[in-house]
Amino acid sequence: MNTISNHPWSPGELIETQQDAPSKGLFQWWYSLTALPDASVTASVVQREAIRKSRLISVIVACLLISFTAFIPGCLALPNHYVIVADLGMMPFCIIALILNKTQKPTLAGVLLTVAFELALMLVILTSTPFDEPSLQQYELFVFGELLAVSLITPASVFAVGLFNIGFISWSLVFQTPKDPHLIAVLQTQFAPIWVRPVAVQFLVAGVTYLWVISATKAIARANQAEMIAKLEHEMADQKRDLEAGIQQILQTHVYVANGNFNARAPLTQDNVLWQIAQALNNLLIRFQRAVQAERELKRLEEAISFSVNNIQQADVDKQMPVLQPTRTSLDRMIAVLQGRTLGKASAYPSQPGSRVPPPQSNHGDWPQLRPWRNSIMSQTSNTPDMDS
């Protein structure tokens, strides 16, 4: 007892032991033919109880078949030839009970076996001619009907079968004919002791078997409950490990982003309990990355505008034609357009002091000798790649 209580075990060990238990032997072969299949790991308590009762019926029927077969020589030696009829007649009922048991009707199979046994025993008692003192011993065989009822039907059914047996025993002692003369004389003087013996056996067997089956059922229920608790603990341990792993991955993603890696994402799938949080975080990181990129582009655009304005102001101070260089931002399109207009205004500034400004020779009002230079600038600016493209 101390060895069992001091031996450490875990829920996972219990579950794995049940999953990996080999199914071998003669009993397992018999179960595969006549009983419900093995219960899965996720089977409920009701399903496990049905499988347990199905296997119990399978074993009991096997024992009955072996017993009826072994009793055939003894039945042939008895003077009552109906005994062999009852013995052989029970075998088809056993086969039918096995079929019902295999087709997930164990309770119906138990009722069939109990009723068939009771009728067979009643047939043997009623055909005992003459009914003498040795025939009284057959009353005690009714306890097997009670055992079948309490084991295969319900625990409370044993009292119904016991009351029926008591009623039949009482009727048989009083009304069954023909009786042996010696038995009639004995019953006239000792009816109460003769009647009390089989009746007491029925009451005793019914009470003891009922209490035994009830206690066994409660023990099985506690064992099933303990197994379910162990399975839940095993599942909770797995969920805890998944939860801790998911938390570590999400925290690591935060660390990557804090260090400047905006391409980091939380790699969690839908089988993880935190996958919705990880998905929301990934969506947030995508939007944050886009916002950072937009902020960078805006900063570059502001620097390009400031640089271009400074160039224009300096050119105005120097009374020169401003030359705006490509900035590789969205400002380049406007620079390409303004560059030509700026060249058009260059006629207001003479190339040499004291020179005369000629009239405009084109729609833009630029000097003819500056047109090739302006066209070259326009060509360069038009071929400059755009940030949006």
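Residues numbered from 1 in each chain as written. Predicted model: local features only at pLDDT ≥ 70, side-chain atom pairs only at ≥ 80, totals over all residues. Heavy atoms only, no water.

Under the feature "transmembrane region" (unreviewed entry), the UniProt entry names residues 56-76, 82-100, 107-127, 147-174 and 194-213. Strand forms 0% of residues 82-100 and helix 100%; the C-alpha atoms that close the span are 27 Å apart. As a span, residues 147-174 carries 86% helix and 0% strand, and end to end its C-alpha atoms are 26 Å apart. (UniProt positions renumbered as here; feature names shortened; annotations may be inferred. Helix = DSSP H or I, 4+ residues; strand = E, 2+ residues; numbered from the N terminus.)

Given two aromatic rings, their pairing is described by the distance between the two centres and the angle made by the two planes. What the rule picks out here adds up to 8 aromatic pairs. Pairing Phe27 with Tyr31 gives two aromatic rings, centres 6.3 Å apart and planes at 40°, and the pair type is tilted. A residue pair is termed a helical-turn pair when its members lie 3 or 4 positions apart in one helix, as Phe27 and Tyr31 do in helix α3 (residues 26-34) at 4 residues. For Phe27, a relative accessible area of 56% translates into the label exposed. Summarising the aromatic geometry, the rings of Phe131 and Tyr139 are spaced 6.0 Å apart at their centres and angled 45° between planes, so their arrangement reads as tilted. Phe131 gets classed as buried once you look at its relative accessible area, which sits at 0%. Judged by relative accessible area, which is 1%, Tyr139 ranks as buried. Members of the aromatic cluster, each reached through a chain of ring pairs, are Phe142, Phe168 and Trp171. (Phe/Tyr/Trp six-rings, centres within 6.5 Å; stacked < 30°, edge-to-face > 60°. Buried < 20%, exposed > 50% of the residue type's maximum accessible area, 1.4 Å probe, protein only.)

Further remarks concern the environment of Val161. By secondary structure assignment, the location of Val161 is in helix α9 (residues 157-175). For the pair Val161 and Val143, spaced 18 residues apart in sequence, the C-alpha separation works out to 9.3 Å. Ignoring any residue separated from it by four or fewer positions in sequence, one finds Val161 in contact with Thr114, Glu118, Gly145, Glu146 and Ala149. (Contact = heavy atoms within 4.5 Å.)

Inspection of the entire model under this criterion finds 5 salt bridges. In this structure, the salt-bridge partner of Asp38 is Arg55, at a minimum N-O distance of 1.8 Å. Placement of the pair is Asp38 in the loop between α3 and α4 (45-70) and Arg55 in helix α4, with a sequence separation of 17 residues. Since its relative accessible area comes to 42%, Asp38 is described here as partly exposed. Glu140 is the partner of Arg197 in a salt bridge, and the nearest nitrogen-oxygen pair spans 3.0 Å. Residue Arg197 is found in helix α10 (residues 181-258), and its partner Glu140 is found in the loop between α7 (106-126) and α8 (143-152); the two are separated by 57 residues along the sequence. (Salt bridge = Lys/Arg side-chain N within 4 Å of Asp/Glu carboxyl O.)

Glancing now at the UniProt feature "coiled-coil region" (unreviewed entry) in the chain. According to UniProt, the feature "coiled-coil region" (unreviewed entry) maps to residues 222-249 in the numbering used here. Split by type, residues 222-249 is 100% helix and 0% strand. Its first and last C-alpha atoms lie 40 Å apart.

Turning our attention to the packing of α7 against α8. For the pair α7 and α8, interaxial distance at closest approach is 9 Å and the crossing angle is 175°. Comparing the axis directions of α7 and α8 gives the class roughly antiparallel. Listed contacts from α8 to Pro106, Thr107, Gly110, Leu113, Thr114, Phe117 and Glu118 of α7 are Phe144, Gly145, Glu146, Leu148, Ala149 and Leu152. Looking at the contact of α7 with α8, its residues break down into 7 nonpolar, 4 polar and 2 charged. (Axes fitted to C-alpha atoms, helices over the stretch in contact; angles between N-to-C directions. Parallel < 35°, antiparallel > 145°, perpendicular 65-115°, else oblique. Nonpolar A, V, L, I, M, F, W, Y, C, P; charged D, E, K, R; others polar.)

Let us look at α4. The first and last C-alpha atoms of α4 sit 38 Å apart over 26 residues, in line with the 38 Å expected at 1.5 Å per residue. All of the buried residues in α4 are Arg48, Ile51, Lys53, Ser54, Ile57, Ser58, Ile60, Val61, Ala62, Leu64, Leu65 and Phe68. (Expected span 1.5 Å × (residues − 1).)

Next up on the list: the nonpolar core. Tyr139 and Phe142 are the most contacted members of the largest nonpolar core, which totals 40 residues. For this core, the elements supplying multiple residues, two or more each, are α4, α6 (82-102), α7, α8, α9 and α10. With residues up to four places along the chain from it excluded, the contact list for Tyr139 reads Ile125, Phe131, Ile169, Ser172, Leu173, Pro198 and Gln202. If you look at the next biggest cluster of nonpolar residues, it comprises 11 residues, including Ala264, Leu274, Ala278 and Leu281. (Core = buried A, V, L, I, M, F, W, Y, C linked by side-chain atoms within 4.5 Å.)

Here Thr129 and Pro130 are connected by a cis peptide whose omega angle stands at -10°. Along the polypeptide, Pro130 turns up in the loop between α7 and α8. Looking along the chain, the bond that leaves Thr177 and enters Pro178 is cis, with omega of -5°. Within the secondary structure, Pro178 is located in the loop between α9 and α10. Residues other than glycine seldom take positive phi values, yet Gln104 does so here, at roughly 65°. The topology assignment puts Gln104 in the loop between α6 and α7. Exposure remark for Gln104: the relative accessible area of 61% places this residue in the exposed category. Backbone geometry at Arg328 places phi at a positive 60°, although glycine is not the residue there.

This brings us to the side chain of Glu146. Mapped onto the fold, Glu146 is located in helix α8. At 14 Å, Arg197 is the nearest oppositely charged side chain to Glu146, a buried residue that forms no salt bridge. Residues contacting Glu146, with those up to four places away along its chain left out, are Glu118, Val158, Val161, Gly162, Asn165, Gln202, Val205 and Ala206. (Lys, Arg positive; Asp, Glu negative; His and termini not counted.)

On average, the chain scores 80 in pLDDT, and the residues at 70 or more come to 80%. When mean pLDDT is compared element by element in the chain, α9 scores highest at 95, while helix α1 (residues 2-6) scores lowest at 42. Low pLDDT, under 50, characterises residues 1-22; the stretch is placed with 14 contacts to residues that sit more than four places away or in other chains. Counting interchain partners and residues more than four positions distant, the pLDDT-below-50 stretch residues 380-389 has 13 contacts. (pLDDT = per-residue confidence, 0-100.)

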